[in-house]
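Observations on the three-dimensional arrangement
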Amino acid sequence: MRKLLFVILLICFHTSLYAQTNNVLLSRVLRQVQLYPQEKTYVFTDAESYQAGQRIHLRVFLVNAVVHQVDSISRYVYVELLNPERLVVKRVRLLRSDQGFVGHIDIPEGVVKGRYVLRSYTKNMLNLSRYESLKSIFIGGHGRLTPSKYSSSLNREEANNSINLLINVLKKGIKVSIDNLSDSSEDDYRLFVHCRSIPLYFGKISKEKDVILSYDSLSQGGIYSFQLLDTKLNKVAERLKFVYPEKELCPISVRWTDGEKLNNNQIPCVIKADSLREGETMDVSVRVEYAGVDNTVGQSDIISHLLFDMDKADCPEEPSSVCLESEPDTLLDSCSWSRYRMSDVIKGECKKGLIGVEKSAVIRGRVETLIGHKPIKDGVVNLISPDKSFYAVTKTDAQGRFSFEGIDFPEGTQYVLNAFTKAGKSWVKLLLDEDEYLSYKGQLPPFVWTSNDTTRVDATLELPKGGIQMEEVNVFSHQPTYSSRSDAYSRTADFSFGLRDIESIGATCLHELLRRVPSVTVEFGKCYVRGGFTVGGRRPAAIAIDGIFVNEDYDLDNIQMADVERVDVFKGGSTVIWGAIGGMGVISVTTKKGDFKAASVPLTNTKTFTTLGYQIPQAYTPNAHTPMWLPSLRGASFRLLFPAEYRSTYRLIIEGVTSEGRIVHYTGEIGR
C-alpha cells in the first residue's frame, strides 16, 4: 500500500490534469482500492510435465493486484488440480509460512493422459469473477500452449461502436486519437487512462485534439486501459494496450565461476540483480531441470501471468511468447479491464467484496429443534479434536448460529462436535456449514502435444553402490471395477464414483465428493440438482442408502466415508427408474456391508468430520528431471553450488518478485 500511495502522489505531480476533477477521481480510486484490496496468485512448479502417481511440488506467489508486492492480507491459498473436464481431482490448502505458500499435490495413480490445470486462489479472490489464475501442466506427455482466440462477445462494454480510439506507441510516449466522430453530435469527451487501476491521465480529447502521453510520465507497465468518457463520465469506448512491460521487470545476472571449482567437483554460481534499489530484496523460487525434456517455448511464466493473464477479463493462461511479439494487440482487441468496475468507481460507487478476507480457519453451523426446526438460543456446542487434544466450547445466538474461529490444524485432523440445549438436553439437531468452493466454468487455454512420454522420471540421480541399471519395463494392468449392490442402477446413472475413485480422490465426507459433480450443489447439509427449483418451491435430491430412501432431513455426514463402496448420481431422465420420489434427482449410496439401519445412525446432536486443514510442506526428493528445487530464496544476491555434470544438460529457471513489486524471471542453461 505504501508503494501504491507513492505512485499516485507521483502521478499528481507529473501529469497535467483538471485539478478539481482529478482530485475527486484519485480519491475515489484510492477509496475503492482500500475497500477491496485485490490479490493475484502465480504457481511455480518443480516441472511442467509429470506422470500419474507423481508429486507436484509448488510455490504460490501471492501478491497485491495493483503493485505486485508480496504484502497481501490473506492467510491461506487454495490450489486445485483440475482434469481436462474441469473437475477437481485434488485440492490443498496452504498456510503462509516463512517460506511463503509452499506445498505439493499428489497426482492419483491411473489418471488419464492430458493437459491438467492448477487453479490457485484465496477466498478474497472469489469476490471477483472472470479473472482466474491458471497454470497448465501435462500428464503423460509434453505439450505447449498456443495463444487463445477471443470473440467480440466477451463484454467489450462499448456503448457507441461509431466512435473508435486509436492508440499509437511512439518512441517517447503514446499518442491517443479519436476516429469516426463525424456522425456524433457531441464533441466534449474526456480521456481516462489507467494501468491496474492507477490513474495516469484524465483530460479533454477531441477529433481535432490528440493526447500525447510522454514515456517519463507513465510509471507503470503492462495492460493500459484507455477509456473515452462523455460529460456525465459514462464510458463510450475502451481500448486495451500492452505497453512498457520492461518498467515492471528486475533483470538478474547469473555468473558461473569455473575458476573457483571446489574439491568436490562443484561449480559456484552467483545470482545477482544489479538494478536493485536501496533496501530492495528478491523473493524467488529456483529449479534446475533437465534441458532435453521440456521446451520452454509454449510455456507460461510469471511475466505473462501477472502482467497479461490476470489483468484481462475472461483470459485463460497464455504462453509467454504473447508478451514478446505483436500478438497482445490482437488478443486485446475484444477484451475489457473490469477488476475494479472502473466505470462505477469513476462515478463514486465504491464497494467492498462480499466474501471477507480469510485470516483464520472457522468452523460454523447452527443448532435447531428436532421438531419444527426452530433455532435454539444459548445452546452449548463443544468442539473436540482427539488427534490434537484440543477442546473448545461456545454458545448459539438467537438464530441458533455458532462459530469457532482460529481453528488452525493440519489436513487430516479429525473433529467431534456435539450440541445441547441450555438445560443440557441432547434432543437437538446439529447442522454444520459446508465450505463453498466455486467450480471453474471458464475456458481452458488451447494447447498442442509436442511429444509422448511414458517413462517415469522420478528415479534417483545415482545408483546405490553395487546397484545394476535394468532396462525399462512397462507394466500394464486393468483397473478393476469393484462390485456394488447398486450396479443394476449404476449403469443408468449420470455420474458414478466407484471405490477406487473414492480412494484416489481422498474425500473426507460425501458432501465433498458430491461437489465434484456438475450442477450438484450442497447447502446446509442438503444436495440440490440443477438448483432444485419446482413450482411448489425448492426441493433437495432424494437420498437412497442401499436402495432404501431416507428422510429428507437425513444428513449425509452421518455416513463415514470408510463405509462407502459406491455413490451414484441420477440427475436427468435416468431418475425414472426411482419413481416419482426421484423427480428432483437421486443420490444413491451403497455401503460396503449393505446392511444400513436407521437405528445405527449416530445421535443428531453429534458430528464427526474432517475439514480441509492446511498442508505441512514436505522435503523435496531430487529426481532425474529436477535434481534441485529451492522454493524460497530471499535476499539481494545468492550463491549456489551446482555439480559439474549439470553443465550443458540442465537448465536453470528463476522466478519471483522483489520487495518493490518488480518481476524476476530468468531461464538459461547451466554454465553458459
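Along every chain, residues carry numbers that run from 1 in the direction the sequence is written. Residue-level local features of this predicted model are given only where pLDDT is at least 70; pairs of side-chain atoms are given and counted only at 80 or more, and the full residue set underlies all totals for whole chains, interfaces and linings. Heavy atoms throughout the structure, all of them, feed into the side-chain values; hydrogens and water do not.

1. Notes on the overall build of the protein chain
- Elements are defined by DSSP. Helices are runs of H or I of four residues or more, strands are runs of E of two residues or more, and each kind is numbered from the N terminus. Each helix and strand counted, the protein chain has 8 helices and 40 strands in total.
- In the protein chain, which comprises 672 residues, the share counted as buried stands at 53%.
- Any two residues whose heavy atoms approach within 4.5 Å are treated as being in contact. For the protein chain, the share of sequence-separated contacts (at least 6 apart) that also reach a separation of at least 24 residues comes to 72%.
- Each accessible area is a Shrake-Rupley result for a 1.4 Å probe, and residues are judged covered by the shown protein chains and nothing else. Accessible area of the protein chain: about 30700 Å², with a carbon and sulfur share of 51%. Buried means the residue's accessible area, taken with a 1.4 Å probe over protein chains only, is under 20% of the maximum for its type, while exposed means over 50%, and partly exposed covers the values in between.

2. Notes on the environment of Gln-414
- Tracing the backbone through its elements, the reader meets Gln-414 in strand S24 (residues 414-420).
- Overall, the relative accessible area of 32% leaves Gln-414 in the partly exposed class.
- When the C-alpha positions of Gln-414 and Thr-508 are compared, they lie 9.8 Å apart, and in sequence the two are 94 residues distant.
- Not counting chain neighbours up to four residues away, the residues in contact with Gln-414 comprise Ile-384, Ser-385, Pro-386, Asp-387, Thr-608, Phe-609 and Thr-610.

3. Here we look at the nonpolar core
- For this analysis, a nonpolar core means a set of buried residues of the types Ala, Val, Leu, Ile, Met, Phe, Trp, Tyr and Cys, connected via side-chain atoms within 4.5 Å. Formed by 65 residues in total, the largest nonpolar core has its most connected members in Val-176, Tyr-224, Phe-226 and Leu-228.
- With near-sequence residues (within four places) excluded, Phe-226 lies in contact with Leu-165, Ile-167, Ile-174, Val-176, Leu-191, Phe-192, Val-193, Leu-213, Ala-237, Glu-238, Arg-239 and Lys-241.
- By size, the runner-up hydrophobic cluster in this structure holds 28 residues, among which are Tyr-76, Tyr-78, Phe-409 and Phe-609.

4. Describing a nonpolar patch on the surface
- Patches in this entry comprise residues that are over 30% relatively accessible and not in a salt bridge; like charges within 9 Å are linked, as are nonpolar side chains (Val, Leu, Ile, Met, Phe, Trp, Tyr) within 5 Å. By salt bridge we mean one thing: a side-chain nitrogen of Lys or Arg within 4 Å of a carboxyl oxygen of Asp or Glu. Residues Leu-370, Ile-371 and Trp-427 make up a contiguous nonpolar surface patch of about 410 Å² in total accessible area.
- Along the polypeptide, Trp-427 turns up in the loop between S24 and strand S25 (428-432).

5. A closer look at unusual backbone geometry
- You will see that Arg-130, though not glycine, has its phi angle at about 75°, which is positive.
- Within the secondary structure, Arg-130 is located in the loop between strand S7 (114-121) and strand S8 (134-139).
- Residue Arg-130 is classed as partly exposed on the basis of its relative accessible area of 24%.
- Not every positive phi belongs to a glycine, and Asp-378 is a case in point at roughly 60°.
- Mapped onto the fold, Asp-378 is located in the loop between strand S20 (362-369) and strand S21 (380-385).
- Taking relative accessible area as the criterion, Asp-378 reaches 26% and is therefore assigned partly exposed.

6. Section: the sheet that holds strand S14 (residues 211-214)
- Two strands are said to pair when DSSP picks up at least two bridges between them. Strands sit in the order S10-S11-S14 across an open sheet of 3 strands; the sheet is antiparallel. Looking along the sheet, the strands with just one partner apiece sit at the ends: strand S10 (164-169) and S14. Direction aside, neighbouring strands of the sheet carry axes that sit 20° apart on average.
- By the bridge criterion, 6 bridges tie S10 to strand S11 (residues 173-179) in an arrangement that is antiparallel. Along S11, the bridge assignment pairs Asn-164 with Asp-179. Axes here refer to lines fitted to C-alpha atoms; in helices the fit is confined to the stretch in contact. Angles between the N-to-C directions go from 0 to 180 degrees.

7. Let's talk about the packing of aromatic side chains
- In this analysis, rings of Phe, Tyr and Trp, with Trp reduced to its six-membered ring, are considered paired at centre separations within 6.5 Å, and the interplanar angle assigns stacked below 30 degrees, edge-to-face beyond 60, and tilted for intermediate values. Considering all chains together, one arrives at 21 aromatic pairs under this definition.
- Three or more aromatic residues joined by ring pairs make a cluster, and in this case those are Tyr-215, Tyr-224, Phe-226 and Tyr-244.
- Any Lys NZ or Arg CZ found within 6 Å of a ring centre and within 35 degrees of that ring's normal is scored as a charge over the ring. When the ring centre of Tyr-215 is taken as origin, the NZ or CZ atom of Lys-247, which lies over that ring, is 3.8 Å away.
- For Arg-339, the ring lying beneath its charged end belongs to Tyr-131, and the centroid distance is 4.7 Å.

8. Quick word on the pattern of salt bridges
- Enumeration according to the criterion identifies 26 salt bridges in this entry.
- Arg-119 is paired through a salt bridge with Glu-80; the nearest N and O atoms lie 3.1 Å apart. Residue Arg-119 is found in strand S7, and its partner Glu-80 is found in strand S4 (residues 76-82); the two are separated by 39 residues along the sequence. Both residues of the pair, Arg-119 and Glu-80, belong to the buried class.
- For Arg-196, the salt bridge goes to Glu-248, with nearest N and O atoms at 3.4 Å. Of this pair, Arg-196 sits in the loop between strand S12 (189-195) and strand S13 (198-205) while Glu-248 sits in the loop between strand S16 (235-243) and strand S17 (253-256), and the two are 52 residues apart along the sequence.
- Classification of Arg-196 as buried rests on a relative accessible area of 2%.
- Among the residues examined, Glu-248 registers a relative accessible area of 3% and is labelled buried.
- Through salt bridges with shared partners, a single ionic network connects Glu-48, Lys-135, Arg-287, Glu-289 and Arg-651.

9. Structural notes on the side chain of Asp-283
- Turning to its location among the elements, Asp-283 is positioned in strand S19 (residues 282-290).
- For the purposes of these results, a polar contact is taken to be a pair of N or O atoms within 3.5 Å, where, inside protein, one atom must be able to donate a hydrogen and its partner to accept one; residues adjacent in sequence count only when each atom of the pair is a side-chain atom. Among the polar contacts made by the side chain of Asp-283, one reaches the side chain of Arg-634 at a distance of 3.4 Å.
- If near-sequence neighbours (up to four positions away) are discounted, Asp-283 is found in contact with Arg-59, Phe-61, Val-70, Ser-632, Leu-633, Arg-634, Glu-655, Gly-656 and Val-657.

10. With respect to the pairing of S24
- Burial runs high along S24: 5 of the 7 residues are buried.
- Strand direction decides the pairing type here: S21 and S24, joined by 5 bridges, are antiparallel. Paired with Val-381 across the two strands is Ala-419, which belongs to S24.
- Both S24 and strand S36 (residues 606-610) contribute to a ladder of 5 bridges, which runs antiparallel. Bridge assignment links Val-416 to a residue of S36, and that residue is Thr-608.

11. Quick word on the sheet that holds strand S6 (residues 101-106)
- The antiparallel open sheet is built from 3 strands, whose spatial order is S1-S3-S6. One side of each edge strand has no neighbouring strand; the edge strands of this open sheet are strand S1 (39-45) and S6. On average, adjacent strands in this sheet sit at an angle of 30° to one another, irrespective of strand direction.
- By the bridge criterion, 7 bridges tie S1 to strand S3 (residues 55-64) in an arrangement that is antiparallel. Paired with Val-43 across the strands is Val-60, a residue of S3.

12. Details of the side chain of Ser-320
- Summarising the element assignment, Ser-320 is placed in the loop between helix H3 (302-307) and helix H4 (327-332).
- Sequence-distant contacts of Ser-320, that is, excluding residues within four places in its chain, are made with Gln-299, Ser-300, Asp-301 and Ser-304.

13. Let's talk about the confidence of the model for the protein chain
- As a per-residue measure, pLDDT reflects the predictor's confidence and takes values from 0 up to 100. Looking at the protein chain, the pLDDT average stands at 81 and 81% of residues meet or exceed 70.
- Counting contacts from residues 472-488, a segment whose pLDDT is below 50, to residues more than four positions away or on other chains yields 24 contacts.

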